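One-letter residues, chain by chain:
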Amino acid sequence: MTEQTAYPRLMHTALDTEDARGLAEFYRELLGLHYRPGDEPPTEAPDDADWLVLLDADGMRRLAFQRVDEPLPRPTWPSHDVPMQLHVDYAVPSLVELERHRDRAVALGAEVLLDRTADEVEPLVVLADPAGHPFCLLVAPSVAP
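Quick caveat: nothing in here was measured; it's all calculated off a predicted structure. (Residues numbered from 1 in each chain as written. Predicted model: local features only at pLDDT ≥ 70, side-chain atom pairs only at ≥ 80, totals over all residues. Heavy atoms only, no water.)

Caption draft 1: Just unusual backbone geometry, in detail. Backbone torsion omega between Trp77 and Pro78 reads 15°, so that peptide bond is classified as cis. With respect to the element layout, Pro78 can be found in the loop between strand E4 (61-67) and strand E5 (88-92). (Helix = DSSP H or I, 4+ residues; strand = E, 2+ residues; numbered from the N terminus.)

Caption draft 2: Here's a closer look at the confidence of the model for the protein. Summarising the model, the protein shows a mean pLDDT of 89, and 92% of its residues fall at 70 or more. Of all helices and strands in the protein, the one with the weakest mean pLDDT is E5 (89), whereas strand E2 (residues 34-35) scores best (98). (pLDDT = per-residue confidence, 0-100.)

Caption draft 3: Local environment of the nonpolar core. The biggest cluster of nonpolar side chains holds 24 residues, and the ones touching the most others in it are Tyr27, Phe65, Leu127 and Phe135. Broken down by secondary-structure element, the contributors of at least two residues to this core are helix H1 (20-31), strand E3 (51-55), E4, E5, helix H2 (95-108), strand E7 (124-128) and strand E8 (134-139). A per-element tally of this core places H1 first, with 6 residues. With residues near it in sequence (within four places) discarded, Leu127 still touches Arg102, Ala105, Val106, Ala110, Glu111, Val112, Leu113, His133, Pro134, Phe135 and Leu137. Among the nonpolar cores identified, the runner-up in size contains 5 residues, and Leu124, Val126, Cys136 and Ala140 belong to it. (Core = buried A, V, L, I, M, F, W, Y, C linked by side-chain atoms within 4.5 Å. Buried < 20%, exposed > 50% of the residue type's maximum accessible area, 1.4 Å probe, protein only. Contact = heavy atoms within 4.5 Å.)

Caption draft 4: Here's a closer look at the sheet that holds strand E6 (residues 111-116). The strand order E5-E8-E7-E6 describes an open sheet built from 4 strands, whose pairing is mixed. The open sheet has two edge strands with one neighbour each: E5 and E6. Along the sheet, successive strands turn relative to each other by an average axial angle of 20°, direction set aside. Across 5 bridges, the pairing between E5 and E8 is parallel. The residue bridging Asp89 from the neighbouring strand is Cys136, located in E8. Packed onto the sheet, H2 meets E5, E6, E7 and E8 and runs at close to 155° relative to E8. (Pairing = 2+ DSSP bridges. Axes fitted to C-alpha atoms, helices over the stretch in contact; angles between N-to-C directions.)

What follows is the structure in structure tokens.
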């Protein structure tokens, strides 16, 4: 007998990139994730990863990275010449944490696209990861599941 579910569940968010390992390392460091067993960087062989998955501390899939051979057009947000295509929002509990994580992301290779940390209603920062995918860090003290 097969199990029935009311809805599909999110497995992970997958990002296309020319450098799967490089982008996976950026998000691994930024978010404190770890590789799915078998996806860790090789110690002796060349790294030719074309599909990598990152898990959270509970072992749940969060992000996947798929290598593409052709260069992707880098999103030009806030201009709509090349749309965002996808973005992920990450919540932090306070403005102090927002600024700390913005600085960490920049140190890891992100680029600040929009800094609205002074906004009293919804402080946020829009960044681009090293491959150009926009993502947001925003203050949301209590985010419901």
